[in-house]
Every structure is written in C-alpha cells, then in structure tokens.
Amino acid sequence: MKIAFSPCPNDTFVFHAWVHGLIPGAPPLDVMYADIDVTNHLAAGPNGLDVMKISYAALPWVLKDYALVPCGGALGRGNGPLVLSRQSEDPATLAGKRIAVPSERSTAYLLFRLWAAQHAKGALDIVVMPFHEIMPAVRDGSIDAGLVIHEARFTYPSYGLTKLADLGEWWEADTGLPIPLGAIVARRSLDRDAIAGWARASVEYAWAHPEASRAYVAEHAQEMDPDVAKSHIDLYVNDFTANLGEEGFAAVDSLLGRAAKEGLVPAFDLAALR
C-alpha cells in the first residue's frame, strides 16, 4: 500500500509501527515523505497515493476520490498556527503587506484567512514559500509577517520574532472547538475501516512503546533538537489522533463549513466527511 506523510515527528511517531511491520495483518507500506503542500496538491491530481496525510483545508478538493480516515491525523487544542512579525503591531496594519504562508491549501492558511477577515482590514499580499524559509525571511525583512506551524511554535524566539497572533487561541475562543490540522485520507476504493484500524493500532503501539520510534523519528526530523521533537509529538499526537470522535467531526464541520460560506474552498456536502 502506498502512503504519503510528512517527515515531521508526529507523523513518523504515529506510523512507525505500521511502517516497520509491527501491526499484525496490516499490509506493507511504501512510504513517500513529503511536506503537506506537496501532498495537498498530489491528492487533488491524477497521481495521488492510496493513503495520504493532507491538510483538513484540502479535503473539499479531494472528497470525490478520498474518504476521511478518523484516526492518524492531527487535531487538538493549544497547537494552532502563529502569525509572526519582527515587532509587535496592530493586526489591522497588515493590510497591503507581504505575508508568507506555507501553502494556500493548508488549514493554517484557512484559519489565517478567517482570522484576517476580522482583524486585518484590507487586501493582503500573500506569498507562498517553503515552511523552513518563512522565519528567516521575516527576520531578514524580505517579508513583513509569516504564518508558521509545527515546531516554529517553540523556536521562533531564536529568530528574534514576535507573536502577532495565535490562531489556535483565536479559533478556540471563537468556536469552543479544537483545531483540525492534518487529516488522513484513503482512496474510496479501499476499505476505510480496515485502514483506520491499522492506523489506530500504530498509534497505540507508539504510545505503549515510546522509545521504539526514537531513531526513526530522529532520522527524518531534519536535525531537529530531540527535546523539540518530543515537544512536537506531545503537542500534536493526542486522543483525537486515535479517534476523531464527535467533537473532532464537529470541529471539521465548523472549519470547512465556514470556509465554504466565505468562498475559501469549493462548496461540498458536509455529510461526505463521514
């Protein structure tokens, strides 16, 4: 079975057991490691793989061909994207400025657009660039502000940057719901329930044997400090990873329903998510 997920610690931690043949009955995996912007577009094209980790924001483009797998993904509280700048300023002053984002089909970007509609009055100059280039670009002044995810939550002070907004805090205060970040999807021609079972077993193995995946996580963590990698896993792998549940589905419904209403994603039947 061909699968694509990111080299980030939460994904390698979650899928370590399945990748290494430790889940009884699960088919062997042929893994493609790719950033979320790559998988978002791959899933929407003719060459998508059997199972993929994509942004929840990208779901409306792929629901015809892919079903949402209710485990293995990233959804939670206190782990939202950040808007960073060189100095503290009123978000309203962002209008007309260059804002770097890691993908225009990411959940982070969707949250940013919904937040900006309330706080940054006026048009924004959006620039898509690789995630690892955003903080240096803001620091060096080639970009006015940047939208960042993942380990940037822990490392942005080392770039001398200031947190302009925590989109997770904004979303949770506005909705009372957790933030849908990354989703696992499977081709509709496959057995979604079986895939969900194997993914859940891999998550449970990771929790039961936290040291087993350490070398695998470190191998793909792009020289990330081990303590940062552990913080990354602790933040993004939680009960929603094992089971999306009704609260998780409500969060996805809220995010994508709002986005469709604002014309940020194609209109679609929310029932297709289930």
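Bear in mind that the values here come from a model prediction, so they are computed numbers and not experimental data.

Colleague: Help me understand the overall build of the protein, please; the structure alone is not making it clear to me.
Modeller: Counting its regular elements, the protein contains 12 helices and 10 strands. Relative to a compact globule of 274 residues, whose C-alpha radius of gyration would be 19 Å, the protein shows 18 Å and is just as compact. Within the protein, the proportion of its 274 residues that are buried is 52%. Expressed as a percentage of contacts within the protein between residues at least 6 apart in sequence, the contacts between residues at least 24 apart total 80%. For the protein, the accessible area works out to roughly 11500 Å², and carbon and sulfur atoms hold 51% of it.

Colleague: Can you walk me through the pairing of strand β7 (residues 125-128) in this structure?
Modeller: Every other side chain in a regular strand lies on the same face of the sheet, so the side chains alternate between the two faces. In terms of strand pairing, strand β6 (residues 98-101) meets β7 through 4 bridges, oriented parallel. Within β7, the residue paired with Val 101 across the bridge is Val 128. Between β6 and its parallel partner β7, the chain crosses via helix α4 (residues 107-119), and the hand of that crossover is right-handed.

Colleague: Got a minute to help me understand the sheet that holds strand β3 (residues 51-55) in this structure?
Modeller: Sheet strands associate in pairs through backbone hydrogen bonding, adopting either a parallel or an antiparallel arrangement. A sheet is described by the order of its strands in space; here 5 strands give the open sequence β2-β1-β3-β10-β4, paired in mixed fashion. Taken across any chain shown, the strands that pair with only one partner, and hence form the sheet edges, are β2 (30-33) and β4 (66-76). Along the sheet, successive strands turn relative to each other by an average axial angle of 25°, direction set aside.

Colleague: What am I meant to see in the packing of aromatic side chains here?
Modeller: The description of an aromatic ring pair rests on the distance of the ring centres and on the angle between the ring planes. All told, the structure shown has 6 aromatic pairs when counted by the stated rule. Each ring, one from Phe 5 and one from Phe 15, has its centre 4.8 Å from the other, and the planes form 15°; the classification is stacked. In this pair, Phe 5 is assigned in strand β1 (residues 2-5) and Phe 15 in helix α1 (residues 9-19), connecting sequence segments 10 residues apart. For Phe 5, a relative accessible area of 0% corresponds to the buried category. Residue Phe 15 is classed as buried on the basis of its relative accessible area, which comes to 1%. Counting every residue linked through ring pairs, the aromatic cluster contains Phe 5, Phe 15, Trp 18, Tyr 33 and Trp 198. In this structure, Arg 105 is placed above the aromatic ring of Trp 61, and the distance from its NZ or CZ to the ring centre is 4.2 Å.

Definitions and limits used
Residues numbered from 1 in each chain as written. Predicted model: local features only at pLDDT ≥ 70, side-chain atom pairs only at ≥ 80, totals over all residues. Heavy atoms only, no water. Helix = DSSP H or I, 4+ residues; strand = E, 2+ residues; numbered from the N terminus. Rg over C-alpha atoms; globule rule 2.2 N^0.38 Å. Buried < 20%, exposed > 50% of the residue type's maximum accessible area, 1.4 Å probe, protein only. Contact = heavy atoms within 4.5 Å. Areas by Shrake-Rupley, 256 points an atom, 1.4 Å probe, with all protein chains shown as cover. Pairing = 2+ DSSP bridges. Right-handed = clockwise from strand over helix to strand, strands pointing away. Axes fitted to C-alpha atoms, helices over the stretch in contact; angles between N-to-C directions. Phe/Tyr/Trp six-rings, centres within 6.5 Å; stacked < 30°, edge-to-face > 60°. Lys NZ or Arg CZ within 6 Å of the ring centre and 35° of its normal.

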